[in-house]
Amino acid sequence: MASSLPALSHSPSPSWSSAKDAKELSGDNEKASPADSESVRDASRGSMWKRLLVGNAAPTNQTKRAMKSRHLTMIAIGGTIGTGIFLSAGSAIAVAGPGSALLSYLVVGIFCYSVVISLGEMAAYIPVSGTFAVFGSRFFSPALGFTLGWNYWLQCELTAAAVILQYWDSRILPWQWALIIVAPIFAMQLIHVRVYGESEYWFAMIKVVMIVFFIIVGLIYDWGGVHGHPGPGLANFHDGQAFVGGFSAFAQTFVFAFYSFGGVELVTLAAGESVNPQKSVPRAIRATFFRIVLFYILTILTIGLNINYQDPTLLSAASDSDVAASPITVVFQRAGFGAAAHVINAVLLTAVLSATNSCFYASSRMLLALARQGHAPRIFGWVNGRGVPVPALLVSLAVSFITFLTTIWGEGVVFTWLLNLTGISSLLVWGTIGAISVRFRRAWSAQGRALADLPYRQPLYPILPVATVVLAILMFIAQGYSAAIATPFSPENVVATYIGVAVYVLCYVGYSGYQWLWLGERQHMVPLLDVDLDTDAVWGPGEGVAVREKEAEARAERDEADVAQGKRTRVLLRRVGRVIL
């Protein structure tokens, strides 16, 4: 991306760490006048703050490929376990019953699987920061890339993090918790992308262990396996309790499901800073299906089996976003693990940290990509010597504080609006990715390229991208229908449901008008033969097959060497891992 930027001529300014060093550079210390000393001190202070906040940021620097395969894999897992699973799952059951919630999460899970698979095919071949925003500009139109980038940048889970942290001490305001949490995460992001990868690895590990433990304990409790605590069995699915409120209530659950699934695209955003993305991205993408089943479908099923939809804890969670009534905490308490409730809430804190960490990473990289495409001020495309887009990160910090400050006027109202904005924006962005995938394949075919040259080829094409578009349209209609027939009718609900649409349309139409009237560009769509399939690609046209053959030979030689040394179990596990991942 940087190759498209014109080289900026600038002369490096001297930098030093103290006034003494500055005087030594100037020659004779005794000849330095008081005015000179004062100017040196000013320069020293200015240089210190510049190094601290910006470093040696420049438009020609690039991000660093420092995240390993294990980082990318755990980011894929962690990205699909956001704060929404702790907040929204119980609300979905309270609104429409456990059967409707389970069906809703299943439909959205299929939708997200299709999105990640379609996006992974493109990201494995062209691993760049900004992924779908860059792909939208290259394969469809610059207006679409502009729209996707800014819509995604606006999505933020930080208000949900404030609601969770209210449980810890209600005497501390959400914006004060924001300061406590956001500042350390921001400092970590400033260091190096490897710090993000490593921290997110361990955050995700904690969440995965907790979710697996929850599912095991919850199912054992439901089956009556906990002495002195008889489980409900299938009682919550009998007598018409599985599906309540009709289609309107079922449609309302989609916004909760979208909020829970938010972050599934993180793995493709991180592809631009990963080592060997042609190998690590497909490995992380392939396991998406199993992760969705394990961490979402089984979680919502376990909650529905153990907690009745009329339970006061679920109702309070649905109406007041009462995180003290988190269904995961409630299930543990009813299974006799009351002392573990504080441990569970501590794990919720890691989810908050992970959400904040991922939010900063995703928003700063998306703003970086927008700037380098000319869709945002150019200074946000500057990257320092450590590969960190500091100006973009500073903007993300400022916006996050503004978001939290809005909770001063009532976090419940702000949370509801942001929940709708995030849900609809995710729906629009993910649905558009399906259309971009079809456009990518059409351009690939039009330019006479072989599918064998792709590092990862999505299965069942074109079923998955078409299903993505169709499901997006159907869920979009369902949410609008639900808001329109709600009793009592509230215009505010309709506006809140579709506020994300207004942002999407305004971005697209506004940039299209800018292209037509200001830039004088009359060609809106990028012609298939002009689609850029080479810039930032992992290899050149026709090189993919040869590269994979060499990698296969290297793997075979390593397996033979291990077998010769008697390490057959290691070879077997490695081969099983290749099949699964």
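Fair warning: this is a prediction, and the values are worked out from it, not measured in the lab.

This part takes up the environment of glycine 540. Turning to its location among the elements, glycine 540 is positioned in the loop between helix 21 (491-518) and helix 22 (544-564). Overall, glycine 540 belongs to the buried group, its relative accessible area being 19%. Along the backbone, glycine 540 and aspartate 453 are 87 residues apart, and their C-alpha atoms lie at a distance of 9.0 Å.

Here we take up the pattern of salt bridges. If you walk through the whole model with that rule in mind, you get six salt bridges. The partner of arginine 441 in a salt bridge is glutamate 121, and the shortest N-O contact between them spans 2.7 Å. Of the two residues, arginine 441 sits in helix 19 (residues 411-446) while glutamate 121 sits in helix 5 (residues 98-125), which places them 320 residues apart along the sequence. Assessed through its relative accessible area of 8%, arginine 441 is described here as buried. Overall, glutamate 121 belongs to the buried group, its relative accessible area being 0%.

Let's shift gears to helix 22. One turn of the α-helix equals 3.6 residues, which is why residues spaced by three or four share an orientation. An ideal rise of 1.5 Å per residue puts 30 Å on 21 residues; helix 22 measures up with 30 Å between its terminal C-alpha atoms. Taken residue by residue, helix 22 has Gly544, Glu551, Asp559 and Asp562 as its buried positions. All buried residues of helix 22 project into a common sector of 75° when viewed along the axis, lining one side. Facing away from the buried side of helix 22 by over 90 degrees, the exposed positions are Lys550, Glu553, Glu557, Glu560 and Ala564. Glycine 566 sits one or two residues past helix 22 and shows a positive phi near 80°.

With that settled, the discussion passes to a nonpolar patch on the surface. Among the surface-exposed residues, Val212, Ile216, Ile220, Phe289, Phe290, Val293, Leu294 and Leu298 lie close enough to one another that they form a single nonpolar patch of about 610 Å² accessible area. The element best represented in the nonpolar patch is helix 14 (residues 288-306), accounting for five residues. Along the chain, the position of phenylalanine 289 falls in helix 14. Judged by its relative accessible area of 42%, phenylalanine 289 is partly exposed.

Okay, the packing of helix 5 against helix 6 (residues 131-139) next. Interaxial distance between helix 5 and helix 6 falls to 11 Å at its minimum, and their mutual angle equals 80°. By the angle between their axes, helix 5 is roughly perpendicular relative to helix 6. The residues of helix 6 that touch helix 5, namely those facing Leu119, Met122 and Ala123, are Thr131, Phe132, Phe135 and Phe139. Looking at the contact of helix 5 with helix 6, its residues break down into six nonpolar, one polar and no charged.

For the rest of this paragraph, the subject is unusual backbone geometry. With an omega of 5°, the peptide bond running from tyrosine 461 to proline 462 counts as cis. Among the secondary structure elements, proline 462 is positioned in the loop between helix 19 and helix 20 (463-484). Residues other than glycine seldom take positive phi values, yet aspartate 239 does so here, at roughly 60°. Looking at the element boundaries, aspartate 239 is found in the loop between helix 10 (193-222) and helix 11 (246-261). For leucine 460, which is not a glycine, the phi torsion comes out positive at approximately 65°.

Reading the values: the criteria
- Every residue gets a number counted from 1 within its own chain, in the order that chain's sequence is written.
- At least 70 in pLDDT is required for a residue's local features to be given in this predicted model, at least 80 for side-chain atom pairs to be given and counted, and no such filter applies to totals for whole chains, interfaces and linings, which use all residues.
- With hydrogens and water set aside, each side-chain value is computed from the structure's full complement of heavy atoms.
- Helix and strand labels come from DSSP, where a helix needs a run of H or I of at least four residues and a strand needs a run of E of at least two; each type is numbered from the N terminus.
- For every residue, the accessible area (1.4 Å probe, protein chains only) is compared with the maximum for its type, and the residue is labelled buried under 20%, exposed over 50%, or partly exposed between those bounds.
- Any Lys or Arg side-chain nitrogen located within 4 Å of an Asp or Glu carboxyl oxygen qualifies as a salt bridge.
- By this rule, a helix spans an expected 1.5 Å times one less than how many residues it contains.
- The arc in question is traced by the directions running from the helix axis to the C-beta atoms.
- Here the term patch refers to residues with relative accessible area over 30% and no salt bridge, with like charges joined within 9 Å and nonpolar side chains (Val, Leu, Ile, Met, Phe, Trp, Tyr) within 5 Å.
- Accessible surface area values rest on a Shrake-Rupley calculation with a 1.4 Å probe, where residue burial reflects the displayed protein chains alone.
- All axes here are fitted lines through C-alpha atoms, helices being fitted over the stretch that makes contact, and every angle between N-to-C directions spans 0 to 180 degrees.
- Just so you know how the angles are binned, under 35 degrees is roughly parallel, over 145 roughly antiparallel, 65 to 115 roughly perpendicular, and the rest oblique.
- Two residues qualify as a contact provided that any one of their heavy atoms is within 4.5 Å of a heavy atom in the partner residue.
- Lys, Arg, Asp and Glu make up the charged group, whereas Ala, Val, Leu, Ile, Met, Phe, Trp, Tyr, Cys and Pro make up the nonpolar group; the residues left over, Gly among them, are polar.

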